[in-house]
Amino acid sequence: MNLLIILVLLCGVSGCAMAGEGRGTAGKAATKPATQPSTQPTTQSLIPPVPEADQILKTLNPAHPRLIVTADDFKRIATHYRHSEKFRAVADKLIANADKIVDEPPSKYEIPDGKRLLATSRRVLDRVQKLAVAYHLTHDKKYVNRAWAELDAARQFKDWNPSHFLDTAEMTNAFALGYDWLFDQWTDEQKRQLQTAIVELGLKVGLEGYEADKPAWWTQAEHNWNQVCNGGLMMGALAIADVEPELAGRIVHHAVTRMPLAIRHYAPDGAWNEGPGYWAYATRYTTRPIAALNTALGTDFGLSDIAGLSEAGQFALHIVGPSGLSFNYADGGSSWGGSSDMWWLGKRYNQPAFAASQRTYAMNKPEALDILWGDFDTEFKTTATPTDRYFRDAEFATFRTAWNDRNALFVGLKSGSNNVNHSNLDLGSFVLDAHGQRFITDLGPDNYNLPDYFGKARWTYYRLRAEGHNTVVIGPDDQPDQDPKAGAKIDKFASSDTHSFAITDLTSVYAKSQSVQRGVMIDKKNQRVILRDEIRTKSKSDIWWFAHTPAAIMLSDDARSATLTLNGKTISARIIQPQNATFTIRAASPLPRSPNPAGQNANQGISKLTIHLPEVKSTTIVVVFESDNVDANQVRVMIDTPLSQWK
């Protein structure tokens, strides 16, 4: 992708909603991001010509349901529920969740942070989907009645908060699915009221964004706002296309022509620059609108053929360590609960490993589309998945000693760009799993409602700066402590059964650097990770090396090694170079000369293993992490090798 040549990975700058708001970080979102010029192919070159608005609905399926599923799909799951024990065991968990919803009051118009209705929109969406599926499994009208109570309350909201358009888009999606999936259960008056809400509170507001003299910024976004806003509106339009064909045609045309601006960023390897939480969010509003286009119109107009999307499931496989936590670079939490969209990705691109990976998550906590898309009876025939993976363009790599082994050793290295949507100053950062524990961790985002979190104060917050990550800092009298516009590539990547590595050149990232390279190697045979930094600066500088950990740390007498203990498991860290370096233990808080604004997370329970080299101009730092006790001499062959000779 040309963007890496200019070292700017395009997704916009910080400011879109927190993915999933990723599972585990729901309810947060951001303000409008700025836009950047693109060197990407035009939308027209990514998909075939899209029919004009007055022609795009010519193949509309007149029946309901027609969004993602058909009546035959609902009949299928009802039959399967009666005859498959495995499926029934999973479906019963969703029904139990729906039963809890029945006893809860309908959602209210609540904007607790003064900006976002998003938590409410998502709650309505989640409830309506689960209630609809529970009805089709059991044919118990209590689920229909409760779904109506939810929709009836939300249709009477004064608006769906269009100033933060994600809220409107997700609520439109909720109403589209509620209207469509329970269509035969609504009275004519209920249908009319749902149609009116979709049109007046969703589609007409969206159309203004598309067709204003100065279109709304989200119409040209190249990150998750694109898929969510366009996808949510498209769902609403397809739901009521038979009763409002002119309006629906315009919406669908606009959405289909704009979604490639974001979908193309899965290329070339399926990664997402905004991190794993945003991958889940963006992918949710990529696969589901595409699926709805196919069930409603019989075509997705080439959207599913855009390069990179077929590989998106690889990202979800490789980004999660044996601990069950993701390598949560950028603004995202480490929690990972799977993604129902892996079923769709697996079927569409003939990748059974994607579906197989989701089955475990779905069996524990099924979502509506796990029931509709999932397969809990088939024994998937999957080919061996490589243990190591380098994702180009996003520029990160992950390595592990084994799959399906919670005790496997895992390490990830982040390079890429500081200038993408939701980026942190985290180039060179790494995470590490051993014995089923996340020993070296990324702290994740801070509170999105902190003052100017997505503006001029962004790089004053500890969790977003380099010193809040597991990388090196040169200074840090220069602030911010990495160049917010800098980018870096992984220059070397190699994988084998015995050892694998990645090397990134971080020279452009630091103002004082003459040359900075970081290499991460996993020695699979001996269960160790070697971290090597080769640093030369323009003048004598303070150099800091950081690794954040929730583990208890005990230093050796000479402070050149440390034992990390977490949940009864231990690993060791040893300094090999330089000879005069020692570890210290610091709080996960700003250095004395760093900014320290009020209100940011105190990072309780996290310590920072630190190496400080004052006033040096050239140094090599080598640290070895070992998951088991080994002979120190065994490691010297590898750790004494300069990065230029790693092969």
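For the structure itself, consult the block above.
Residues numbered from 1 in each chain as written. Predicted model: local features only at pLDDT ≥ 70, side-chain atom pairs only at ≥ 80, totals over all residues. Heavy atoms only, no water.

A.B. asks: An account of the overall build of the chain is needed here, citing residue identities and associated values.
C.D. replies: Secondary structure summary: the chain contains 17 helices and 17 strands in total. Taken over 647 residues, the chain has a buried fraction of 62%. Surface summary for the chain: the accessible area is close to 23600 Å², and the carbon and sulfur share equals 49%. Between the averaged position of the 69 positive side-chain charges in the chain and that of its 71 negative side-chain charges there is a distance of 3 Å. (Helix = DSSP H or I, 4+ residues; strand = E, 2+ residues; numbered from the N terminus. Buried < 20%, exposed > 50% of the residue type's maximum accessible area, 1.4 Å probe, protein only. Areas by Shrake-Rupley, 256 points an atom, 1.4 Å probe, with all protein chains shown as cover. Lys, Arg positive; Asp, Glu negative; His and termini not counted. Charge placed at Lys NZ, Arg CZ, Asp CG, Glu CD.)

A.B. asks: Break down the packing of helix 6 (residues 141–155) against helix 8 (residues 188–211) for me, with residues and values.
C.D. replies: Helix-helix packing is characterised by the crossing angle of the two axes and by the distance between the axes. It is at 10 Å that the axes of helix 6 and helix 8 come closest, and there the two elements cross at 45°. In terms of orientation, helix 6 lies oblique with respect to helix 8. Crossing handedness for the pair helix 6 and helix 8: left-handed. Taking contact as the criterion, the partners of Trp148, Leu151, Asp152, Ala154 and Arg155 in helix 6 are, on helix 8, Gln190, Gln193, Leu194, Ala197 and Leu201. In terms of residue class, the contact of helix 6 with helix 8 is built from six nonpolar, two polar and two charged. (Axes fitted to C-alpha atoms, helices over the stretch in contact; angles between N-to-C directions. Parallel < 35°, antiparallel > 145°, perpendicular 65-115°, else oblique. Left-handed = near helix turned anticlockwise from the far one by under 90°. Contact = heavy atoms within 4.5 Å. Nonpolar A, V, L, I, M, F, W, Y, C, P; charged D, E, K, R; others polar.)

A.B. asks: Before we move on, could you go through the nonpolar core and cite the residues and values that matter?
C.D. replies: Counting residues in hydrophobic clusters, the biggest one holds 140 residues, and the most contacted among them are Ile68, Trp181, Leu238 and Trp279. The leading source of residues in this core is helix 12 (residues 276–297), at 12 residues. In contact with Trp181, not counting residues within four places along its chain, are Pro65, Leu67, Ile68, Val69, Phe74, Gln129, Ala132, Val133, His136, Leu369 and Leu372. Counting 46 residues, the second largest nonpolar core, distinct from the first, contains Leu427, Leu506, Val516 and Ala551. (Core = buried A, V, L, I, M, F, W, Y, C linked by side-chain atoms within 4.5 Å.)

A.B. asks: Could you give an account of the packing of aromatic side chains, naming the residues involved and the relevant values?
C.D. replies: Under the definition given, this model contains 32 aromatic pairs. Centroid distance Tyr448 to Tyr453: 5.2 Å. Interplanar angle 25°. Geometry classified as stacked. Comparing Tyr448 with Tyr453, the two get one shared label, buried. What links up through ring pairs into an aromatic cluster is the set Trp279, Phe315, Phe327, Tyr329, Trp336, Phe391 and Phe396. Over the ring of Phe183 we find Lys191; its NZ or CZ atom is 3.9 Å from the centre of that ring. (Phe/Tyr/Trp six-rings, centres within 6.5 Å; stacked < 30°, edge-to-face > 60°. Lys NZ or Arg CZ within 6 Å of the ring centre and 35° of its normal.)

A.B. asks: For helix 5 (residues 118–138), give the residues involved together with the corresponding values.
C.D. replies: In this model helix 5 runs 30 Å from its N-terminal to its C-terminal C-alpha over 21 residues, within 8% of the 30 Å that 1.5 Å per residue would give. In terms of burial, helix 5 is largely enclosed, as 17 of its 21 residues are buried. Of the residues one or two after helix 5, His139 is the one with positive phi, at around 60°. (Expected span 1.5 Å × (residues − 1).)

A.B. asks: Any chance you could break down unusual backbone geometry for me, citing the residues and the numbers?
C.D. replies: Between Ala267 and Pro268 the backbone carries a cis peptide bond, its omega angle lying at 0°. Along the chain, Gln577 connects to Pro578 via a cis peptide bond; the corresponding omega equals -5°. The residue Pro578 is located in the loop between strand 15 (569–577) and strand 16 (583–587) in this model. Look at Ala559: it is not a glycine, yet its phi comes out positive at around 60°. Summarising the element assignment, Ala559 is placed in the loop between strand 13 (552–555) and strand 14 (561–566).

A.B. asks: So what's going on with the sheet that holds strand 6 (residues 437–440)? Which residues, and what values?
C.D. replies: What the five strands build is an open sheet, ordered 1-2-3-5-6; its pairing is antiparallel. Each edge of the open sheet carries a strand with a single partner, namely strand 1 (389–391) and strand 6. Along the sheet, successive strands turn relative to each other by an average axial angle of 15°, direction set aside. (Pairing = 2+ DSSP bridges.)

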